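Each chain, written out:
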Amino acid sequence: MNGTHDKKLTQRAREFLSFRQHPIKIVRYMAKYLWLLLLSLAKYLIASHFDIKSWIEANWFDLVILLVILGFAFIRWIMVYFELGKDRIITHTGFLGMTKTVVYFDDITTLSLSQGAISYLLRSCAVYIETDADCVQATDIRIDLTKSKAMEIYHIISQKAKTQPGFVFKSPKKQMVLFSFLFTSAISGTAVLLTVLYQAYLITDREFDRRVISRVNSQIHQIEDSSIWIYFLAAGLLIGFIWLMSFISNLLRHWDFTCKRGKNYLRIHSGKGARRHHLLRRKYMNYLDFTQTFLMRMFRICSVEVSCTGYGKRWKEISALIPITTTKDAVQSAKLIAPEFSLCKPQVKTSKACMPGFIVLPALAAVAAILLGIVMQNLFPLRRQQIIFIEIMLALPFIWLTIVKCEAAVTTSMGFDGENVTLSYCRWYTFHKVALKRGNITKVTIRRNPLARMFGTCTVVIYTTGEDSRKHLIGGVNYKNTLRILKEKGFSFIADKATDSE
Amino acid sequence: MDSPKCCRACRRTVLWFFLFAFGLEAGFKSLLRAISGYVAQNILIIADMTFASLLILAVIVFPIYVLVAKYEITQRDVKLRKGFFIISHQYVPLSSVTSVTTVTTPLSVLTGFNFVVLNCPGSKSIMPFLTRRQAREISEIVNAAIKSRIESCGGDGE
């Protein structure tokens, strides 16, 4: 009888634990900087030569606080649990499990599982469930479970995809290195910043030499070596190190990138060290974005990103569908992975005549930087060298932007073919070719400033579905053509007699 | 409702805005007089001139903005026309509107400061400076469209 009683207890305990989060969560529920208190306690323990009695007498209050925090964390872990239904998942989260969230499997846009190195050792896994709803917290549901439980949820939700053979896309490792290099922490910005710091180090070092030479006599001992140059060098080294860490983490995050197409889902796996599984619901994919920088465009390579609520939301996560490949391969692969989105020919295009509108602002900014430098050189002739350097560093990004906008002036376009819509535009330094469905368009805006009204152009802004969807700006297109094409496709606007007669 | 319902922004708001601007200017002048003993005269003069020029700009721009704002509502879509320096034409299909928010301020029957916000995934569209009756009617039309969409979709859950 005792044996039966013990078995029942064990069964109940197992049942109790199977719908609770992984015990590691107790540690995460404790205060973020609790380790500061623990360090302090450890310090006193060592100082008292491990005399436990006197240590407790001196630090009893800290120990009580620690126990209270641990107690709260444990209670919170007990109160937070989840339930799995046939068609839904119900979680009781928040402070003392007071927040109940019900998410139907049909409404899930993205399911992500993430397991870092420490989680791998502890057999735990973070589960993120996202829908299109704009919820109060950052993620609709976020729970840390055991790996087996997380995979059970993953298989329940994706069971329909299992039966369907699918197209599989795998990214070669050499391409992943290039992808990480290009998409790590604004490489050009980092390069500019490092150049500025290195030059600043050289200038301040030379500045010190100049002062030494100018005061060569008995006053040498009065010159203060501020050693400021060393700080610039240190800052430069630090930024370079941070960039390198970012590059490595990006590379590891997207290593072994695989995308499998199923009937209702796309299954994406990636990561070395921290393994990630993503399940994207195909009917909730908003659009595909073929992304290129100017250099990528010159070498005919591009990256394809997918907009699906929840994917690409986490820190440093890129919503890659095809990380990096040649443009031709990207188009072919995208057709196979996501055949519901297809590119169509442009019907409204910009031309070389629109170029002034695109390049005037960045060109003016570059000229302003140069003129400012010339003025400053006249005002401070002794600082000529430094001013020229700053002038060049300020003007360089705008000159590059002018070159990029020259290309954008001839490639910006909009196309409609039945339900398919293709938008080509340039945002800052990046070119985007977006393939979406007409049904995903939630709002269309046509904007005209006085210059646009003078030249007969306009800017079209298209908003798409998604929790936090980016708007697409197609600028410099002909107003009358745009209005006509949009009207044909069912997007009509209030007639503006004064401007429509242009 | 076959024919579109056309609305213009409530012109009464211009009068109330002028009164508000006058009160704001008087309040700012009193504030400057109160702190004149503690702050340098130059700064006070610059602050006064900056505030006055911004207010004059607002007094010129706001009435024109209100006079040219126009909205058209049908059972399928909403069209907005706003702005006069940068003209903005907006098209919002009611099939993409998930909810509508109506903001009515105190004394809005007199002032005309009523707003209707159409909430769509990825965007919001604001119709400002409506009369209370207009705001109510627009909300009813949009809510009816949302309800009929839900009822027609209710069968297949898609």
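Look above for the structure.
Residues numbered from 1 in each chain as written. Chains lettered and ligands numbered in written order. Predicted model: local features only at pLDDT ≥ 70, side-chain atom pairs only at ≥ 80, totals over all residues. Heavy atoms only, no water.

1. Section: the overall build of chain B
Within chain B, the regular secondary structure consists of four helices and seven strands. Looking at chain B alone, contacts between residues at least 24 apart form 49% of all its contacts between residues at least 6 apart. In the form shown here, chain B has an accessible surface area of approximately 8,900 Å², with 67% of it arising from carbon and sulfur atoms. (Helix = DSSP H or I, 4+ residues; strand = E, 2+ residues; numbered from the N terminus. Contact = heavy atoms within 4.5 Å. Areas by Shrake-Rupley, 256 points an atom, 1.4 Å probe, with all protein chains shown as cover.)

2. Describing the packing of aromatic side chains
All names here are of chain B. If you walk through the whole model with that rule in mind, you get 14 aromatic pairs over all chains. With centroids separated by 4.1 Å and ring planes inclined at 15°, the aromatic side chains of Phe28 and Phe51 adopt a geometry described as stacked. Of this pair, Phe28 sits in helix 1 (residues 12-35) while Phe51 sits in helix 2 (residues 41-68), and the two are 23 residues apart along the sequence. Taken individually, Phe28 and Phe51 each receive the classification buried, so the pair is uniform in this respect. Centre to centre, the rings of Phe62 and Phe129 are 5.0 Å apart; their planes meet at 85°, and the pair counts as edge-to-face. In this pair, Phe62 is assigned in helix 2 and Phe129 in strand 7 (residues 123-130), connecting sequence segments 67 residues apart. (Phe/Tyr/Trp six-rings, centres within 6.5 Å; stacked < 30°, edge-to-face > 60°. Buried < 20%, exposed > 50% of the residue type's maximum accessible area, 1.4 Å probe, protein only.)

3. Quick look at the interface of chain A and chain B
Taken together, the contact pairs 25 residues of chain A with 24 residues of chain B. Surface buried jointly by chain A and chain B totals about 2,000 Å² across both partners, of which 53% is contributed by carbon and sulfur atoms. The largest per-residue losses of area from chain A upon contact with chain B belong to Thr442(A), Lys443(A) and Ile494(A), which jointly make up 33% of the total buried on that side. On the surface where chain A and chain B come into contact, there are zero salt bridges. Run the count over chain A and chain B and you get 13 residue pairs in polar contact (both at pLDDT 80 or more). Those elements that place two or more of their residues in the side of chain A that touches chain B are strand 18 (441-448), helix 14 (450-455) and strand 19 (457-464) of chain A. In terms of residue count, strand 18 of chain A provides more of the side of chain A that touches chain B than any other element does, eight residues in total. Judged from the five bridges that link them, strand 18 of chain A and strand 4 (residues 87-93) of chain B form a sheet pairing that is antiparallel. (Buried area = accessible area lost by both parts, 1.4 Å probe. Salt bridge = Lys/Arg side-chain N within 4 Å of Asp/Glu carboxyl O. Polar contact = N/O pair within 3.5 Å; in protein donor to acceptor, adjacent residues only side chain to side chain. Pairing = 2+ DSSP bridges.)

4. Examining the environment of Lys5(B)
Residues and elements named next belong to chain B. Structurally, the position occupied by Lys5 is in strand 1 (residues 5-8). Each C-alpha atom, one on Lys5 and one on Glu72, is 5.5 Å from the other, the two residues being 67 residues apart in sequence. Here Glu137 takes part through its side chain, which lies 2.6 Å from a polar atom of the side chain of Lys5.

5. Points about the pairing of strand 13 (residues 320-326) of chain A
Residue and element names in this part refer to chain A. Most of strand 13 is tucked away, with six of its seven residues classed as buried. Both strand 12 (residues 301-308) and strand 13 contribute to a ladder of four bridges, which runs antiparallel. By the bridge assignment, Val304 is partnered in strand 13 with Ile322.

6. Here we look at the pairing of strand 17 (residues 430-437) of chain A
All names here are of chain A. One ladder, built from seven bridges, connects strand 11 (residues 285-293) with strand 17; its direction is antiparallel. Bridge pairing in strand 17 links Phe290 to Lys433. Linking two consecutive strands that pair antiparallel, namely strand 16 (residues 420-427) and strand 17, is a turn of two residues; a positive phi of about 55° is found at Trp428 within it.

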